[in-house]
Every structure is written in structure tokens, then in C-alpha cells.
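One letter stands for each residue in the lines below.
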Amino acid sequence: LQVLERDERGFISTVSTVLATGGGHCWAIVYALMIAVLMQVVRFKGVHDAQAVPWWVGWAEKLSSSMMLIWTLAGTAVAYIRIIQVDEQMQGLPFHAGPDGFPCPELLQFFQSPRFRWFVMAVYRLSGMVLFLSIFLLAVCVLIGGGSATACDVCLAIAAVSFALPHVALSVRPSSGDARHGDPVTDSLLAMASEAASVGPQLCVILATADIYDKMPRWHWVLHALTTLCFVLSVGVCAWLPAQREGMAVAPALHSLCLCLALDVAAMVMLVTVFPVLRDWLWWVLVVVQLLFIAALSFKPVREPIVDMMEPIMPFQSSREKRFSSGLRDGLRGAMQVLALISACAALGGAMPDAPDTRPTAYDVAERYNLNEQSYTYTDHDVPDVTPDAHRDDVEMDYGFEMPWLMLRWQSQLEAPESEKLLEAAAQSMGMTRTDVAAEEMLVPNRVMLFRFSTPIALNESSARQMRWHDALSTRHEAIAGLAELKFPAQLDASMCDRISTYYAEITELGEDYNATAEEAEMLAQPAFSGPEGVDSRDAYHHACMSWHVYRGDYHSGYHEDRDHEGYRDYYHHAE
């Protein structure tokens, strides 16, 4: 509507208008912050469950949701009061007795009573202030409440606080009508809040969903951090150099409006791309209705009644000469909006589904190995407690069987520790319980325990759960620091198994005539396989790969194509 009426009308800059639009944008800020917290829980605990977050995080989310509901109801009541009587000149519905003596309904009199109007306005202002303050609590939750905060989470918290700060300051300042007109502090706060609301909600949604798969390139981190920095500076510069004073109505430039609309679309597409469950039939209906409504607004006879109804907050523009020009402010705002759009495009590219992986898997090269199964001692497999209730046909699940095994190589001074002790330490280092992991092989001569996760999880959340073991080794978690060789790889890799098996096969066949290829030289140069103990570590990894191939061969021979639970039971009967 502002794009179509930009030549004649503009939204007025008042405290009540800015607070109303800011409160309407809060849903996106709160939603983005809670997405970030829940995704941290997925990365840190391997479960996607709101009950897994700390109690005070859930309390903060409930506070925000409750205040948003109360603010919406109170705002609706305020709007209804103004509709039934706009002013004393009787521009709304009749308030006093009409010419025929019919009295005004008592309900309308109650709505127009000073006490009720004061009460509704007080609830509206108080709930709005608490709603803005709750954003600070959720920002703290993002930083310390869910687990390990990523670079995008930090940028999200900074952007959310930058949005909430001027709105909180405006909501706590007393309103005294025209007496505050021209107050420089109010002008600065209005400029800050308006600038924060123009890009902040879209930026928060983009930042919350950009690193959802935990695979974002580092240059994306730099781009999002630079965009957040420009956003904060732009809000600060608008406080120093406000574009207009309170009470003025000047429409933004066309390019600024178009960039904001593009960010709206990008944020919406990011949400439905990262969370496909939102893209249901109701979503498509809403999209079609919105497109039809936008098309209808392009006809002046259709939008004229709407514009007339919005006259109090969207009057005819003030003189553009009254707008305070500043090259620094306008240049920084333009750079921030362009960077935000580039960040949105980069995030959308990273959120798109990956192409199918056509590389050969470890199972494909299993027959290259010269296996001697008698040289290994296999432990009993722990059967996970998989019930029909845990199996869902509409979600592809990872039950821990087909993913490459995790590895723990205990230190040489330890004498063959029991698997239970190692599993307990591994589970503790990942913030899990002992029942969440299961041992597959104990390669005692190589000092390697091969294990996996035993609890089912959605397949698109599996990689985040596996990364917790990688992080435990890389950060030298205290639970495993005295047990594990921290340089040894955390998990089997199909490509690495392929390389190392080819390496051993060629050495056996060629002997002294063997010359390492570039890929094999790169493999041998890795920290885990270099140094005095490199040969021993290489042998251990090679034996782990062979054990995995034996397992996968037995597993697929008893696995049902329909992925039912009996397929797992058949596998274990076959192995026995």
C-alpha cells in the first residue's frame, strides 16, 4: 500500500504508530529466537523436543507468547473503541441519544467510559513493554540456554536486541500528546525504532534459519556478521541523524521499499524451505489470497476506501523539504539493505537441498579387502528399543545402523578397558545417557571401540547428533581426556576407507615398487596417520573399516526392504 501511495501519502511518525508496528513485528523476532534455541538443542542433545530446553528458556518463551496475545487483544479493543467514535465530532457510530430519542446501547457507553479506555490503554502499553523486554530474555537464551551458540546465533541475538532496545525506550517514556512534539530524544528513538523495524524482523528470521543444517561455509559467517554490524550501525546513525521529526509523514524512497519487500519474500521462502512441514495446503491458500489482495490494491477504486480508513495513521505527506538529508545515514542504510539482501540470497542457496551423493560408499569397495574374520572378536549387538510408536512412515528415521560407526581409541597405557566404561565416558562427553549409545566392536589389538547411537532420530537431524562426538574429541572434554587418543578420527568415513584399503592392497601387491598416489599421499599426511605412531593408527583405522564392511554385509542380508522393525530383528537372528 505504501508503494502504491508513495507519491501522496506516508505513515505518520508518532510514538503510538511506531510501537504498534513494532509490536506487530515481534512475532518474527520471537519465532526466530526460539528456532535458534531449539536447533541448539538438536545439535547439542541430538533430540528435537521443546521439553529438552532448560525450564527458564521455556518460561521466557511462554512469557513472550502470553504478552503477544494480551497485546493483540488489547490493541484490538483500542482500535474498536476508536472505530465506534473517532472523535467528538461524531465521525464514528452514535454515542449520545439520537434525534428520535433512541439511547445508545449501554455496551457502547461502557466502552467509551474514561475508566475502561484508561484500563485498556494501560494494558496495551504494559503488555507491549513486557513483550519488547522479553526479547532480551530470549536473546540471552540463544546465547547460553540451548547449548553451543553458532556465529549466526550471536548475530541473531545482537540484531534482536538492536530491535528491542529503542522500542523498550519508547514504551517506558511517558506520552503527553503534543507537549512532546519536537523533543530530540523522542525523535531519535522514533528514528531508531523505525529503522530497526524495517529490516530487523526479516534479518532475524534469515539468521535463525541460515545455519539450520550446521554446514554453512565460513564466508557466509563473515557475510552475516558484516550485515549485522551494518544493521546495528544503521540503527545507531538514525538516532544521531534522524530523518524526520515526530508528527511528520514522509514516505521512504522506492528502492528502500522494494528492498524491504524482497527481504520479506526471502524470509518467508527461507522458513518454508528449511521447515517443509509449513508448506501445506493452508500456506498455499494464504499465498494465493495475498497475491489476489495485492493485485486488487493496484486498482485505485479498490484501495481508496482502505486509504480513507487509514487516514489517521497514513495522512498526506509532509513537505519533503522538511526531511533532514544526510549522506552518511542514507549511504549506510542503503549498504545495510543491500548486504541484508545478499545474506538472504546466500542463506537461501545454503538451504536448498543438496544434489544426491554419487561417490562410492565403503560398502561398494568392500570386496577389495582380504578379510580374515577369525582375527576379530565380535561383541553382542545391543538391540535398540524400537517400538511401532517410534516408527513414522512420513519421516525418514535414522536408527543408528547404516551411519558410519563412531570410534574411540583408548590410550596405550590403559589395559583393555571394559566397553561399559568407555561408553559411559563417551555418552557423558556428549551430554547423553549410557542407553543412548551402543558398542558394536571392541578391536582390542588395535585399542579401538566402534560404537553407534542406539536411539532413533529424524534423518535430517542425524548429522548434528554425530557432530557432538567430533566436538567432544576436538574440545578435549574432561570425560574422555584421560581415556581417548584425541588425534584419532572420531568416525569412519567411506572415502577414507576406500583410500586406505587401496593403499594396503597396493602395498601388499607391489611391495617395494609401490608409489603413493596424490590422494594416498594426502591421506598419509593427515595428523592422525603421521608421526611415530602413524603406522599403528593407520592399521587401527584399516581394521575398523574392515569390521564395518563385515557388519554391513551381514546387516543387508537380513534387512527388509520395507524398513519394518522385524527387519532389524531378522538381522540379529542372522548374525547369531
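Conventions adopted
- Residues numbered from 1 in each chain as written.
- Predicted model: local features only at pLDDT ≥ 70, side-chain atom pairs only at ≥ 80, totals over all residues.
- Heavy atoms only, no water.
- Patch = residues over 30% accessible without salt bridge, like charges linked within 9 Å, V, L, I, M, F, W, Y side chains within 5 Å.
- Areas by Shrake-Rupley, 256 points an atom, 1.4 Å probe, with all protein chains shown as cover.
- Salt bridge = Lys/Arg side-chain N within 4 Å of Asp/Glu carboxyl O.
- Helix = DSSP H or I, 4+ residues; strand = E, 2+ residues; numbered from the N terminus.
- Core = buried A, V, L, I, M, F, W, Y, C linked by side-chain atoms within 4.5 Å.
- Buried < 20%, exposed > 50% of the residue type's maximum accessible area, 1.4 Å probe, protein only.
- Contact = heavy atoms within 4.5 Å.
- Polar contact = N/O pair within 3.5 Å; in protein donor to acceptor, adjacent residues only side chain to side chain.
- Disulfide = S-S within 2.5 Å.
- Axes fitted to C-alpha atoms, helices over the stretch in contact; angles between N-to-C directions.
- Parallel < 35°, antiparallel > 145°, perpendicular 65-115°, else oblique.
- Left-handed = near helix turned anticlockwise from the far one by under 90°.
- Nonpolar A, V, L, I, M, F, W, Y, C, P; charged D, E, K, R; others polar.
- Expected span 1.5 Å × (residues − 1).

**Observations regarding a nonpolar patch on the surface**
Stage number 1. Together, Val140, Leu143, Ile144, Val154, Ile158 and Val232 make up a nonpolar patch on the protein surface, roughly 460 Å² of accessible area in all.
Stage number 2. Secondary structure elements with two or more residues in the nonpolar patch: α4 (114-144) and α5 (151-172).
Stage number 3. Top contributing element to the nonpolar patch by residue count: α4, with 3 residues.
Stage number 4. Secondary-structure assignment places isoleucine 144 in helix α4.

**Quick notes on the nonpolar core**
Stage number 1. Residues Leu33, Ile135, Leu156, Phe163, Leu170, Val199 and Phe231 are the most contacted members of the largest nonpolar core, which totals 72 residues.
Stage number 2. When residues of this core are assigned to their parent elements, the largest contribution, 15 residues, is made by helix α1 (residues 15-45).
Stage number 3. Each residue touching valine 199, except ones within four places of it in the same chain, is listed here: Phe231, Cys260, Leu263, Met336, Gln337 and Ala340.
Stage number 4. Leu422, Met449, Ala472 and Ile480 belong to the second-largest nonpolar core, a separate cluster that totals 24 residues.

**Here's the deal with the environment of aspartate 493**
Stage number 1. Within the secondary structure, aspartate 493 sits in the loop between α13 (462-474) and α14 (494-510).
Stage number 2. Under the relative-accessibility criterion, aspartate 493 is labelled partly exposed at 38%.
Stage number 3. Residues aspartate 493 and proline 404, spaced 89 residues apart in sequence, show a C-alpha to C-alpha distance of 6.5 Å.
Stage number 4. A distance of 2.9 Å separates a polar side-chain atom of aspartate 493 from the backbone nitrogen of methionine 496.

**Points about the state of the cysteines**
In protein structure, a disulfide is the covalent linkage between the sulfur atoms of two cysteines.
Stage number 1. Enumeration according to the criterion identifies 1 disulfide in this entry.
Stage number 2. Covalent S-S linkage joins cysteine 497 and cysteine 545, the inter-sulfur distance amounting to 2.0 Å. For the disulfide bridge between cysteine 497 and cysteine 545, the dihedral angle about the S-S bond is near -80°, and by the sign convention the bridge is left-handed. Pair noted here: cysteine 497 is in helix α14 and cysteine 545 is in helix α16 (residues 534-557), with a separation of 48 residues, a long-range link.
Stage number 3. Sulfur of cysteine 260: no disulfide; nearest cysteine sulfur belongs to cysteine 258 and is 9.3 Å away.

**Observations regarding the packing of α4 against α5**
Stage number 1. Between α4 and α5, whose axes approach to 9 Å, the crossing angle comes to 160°. With respect to α5, the axis of α4 lies roughly antiparallel. For the element pair α4 and α5, the recorded crossing hand is left-handed.
Stage number 2. Of the residues belonging to the contact of α4 with α5, the class tally is 18 nonpolar, 2 polar and 2 charged.

**Notes on the pattern of salt bridges**
Opposite charge on two side chains permits pairing when their charged atoms draw close.
Stage number 1. Overall, the coordinates contain 10 salt bridges when judged by the stated rule.
Stage number 2. A salt bridge links arginine 303 to glutamate 5, with the nearest nitrogen and oxygen atoms 2.7 Å apart. Linking arginine 303 in helix α10 (residues 300-309) with glutamate 5 in the segment before α1, this pair joins segments that are 298 residues apart in sequence.
Stage number 3. Arginine 303 gets classed as buried once you look at its relative accessible area, which sits at 9%.
Stage number 4. Linking glutamate 485 and arginine 409 is a salt bridge whose minimum nitrogen-to-oxygen distance equals 3.2 Å. Here glutamate 485 is found in the loop between α13 and α14, whereas its partner arginine 409 is found in strand β2 (residues 406-409), with 76 residues between them in sequence. The two residues glutamate 485 and arginine 409 agree in class, both being buried.

**Details of the side chain of serine 234**
Stage number 1. Here serine 234 is to be found in helix α7 (residues 218-240).
Stage number 2. Of the polar contacts made by the side chain of serine 234, one reaches the side chain of glutamate 195; its length is 2.8 Å.

**Side note on α13**
Stage number 1. For α13, built from 13 residues, the straight-helix expectation of 18 Å at 1.5 Å per residue is met to within 8% by its first-to-last C-alpha distance of 19 Å.
Stage number 2. Taken as a whole, α13 has its buried residues at Ser462, Ala464, Arg465, Gln466, Arg468, Trp469, Ala472 and Leu473.
Stage number 3. Residue arginine 476 follows α13 closely and has a positive phi angle near 55°.

**Here we look at the packing of helix α6 (residues 184-210) against helix α8 (residues 254-274)**
The relative placement of two packed helices is expressed as an angle between their axes plus a distance between the axes.
Stage number 1. Running from amino to carboxyl end, α6 crosses α8 at an angle of 25°, the nearest separation of the two axes being 9 Å. With respect to α8, the axis of α6 lies roughly parallel. Handedness of the crossing formed by α6 with α8: left-handed. Within the contact between the two elements, α6 uses Ser198, Val199, Gln202, Val205, Ile206, Thr209 and Ala210 and α8 uses Cys260, Leu263, Asp264, Ala267, Met270, Leu271 and Val274.
Stage number 2. Class assignment for the residues of the contact of α6 with α8 results in 10 nonpolar, 3 polar and 1 charged.

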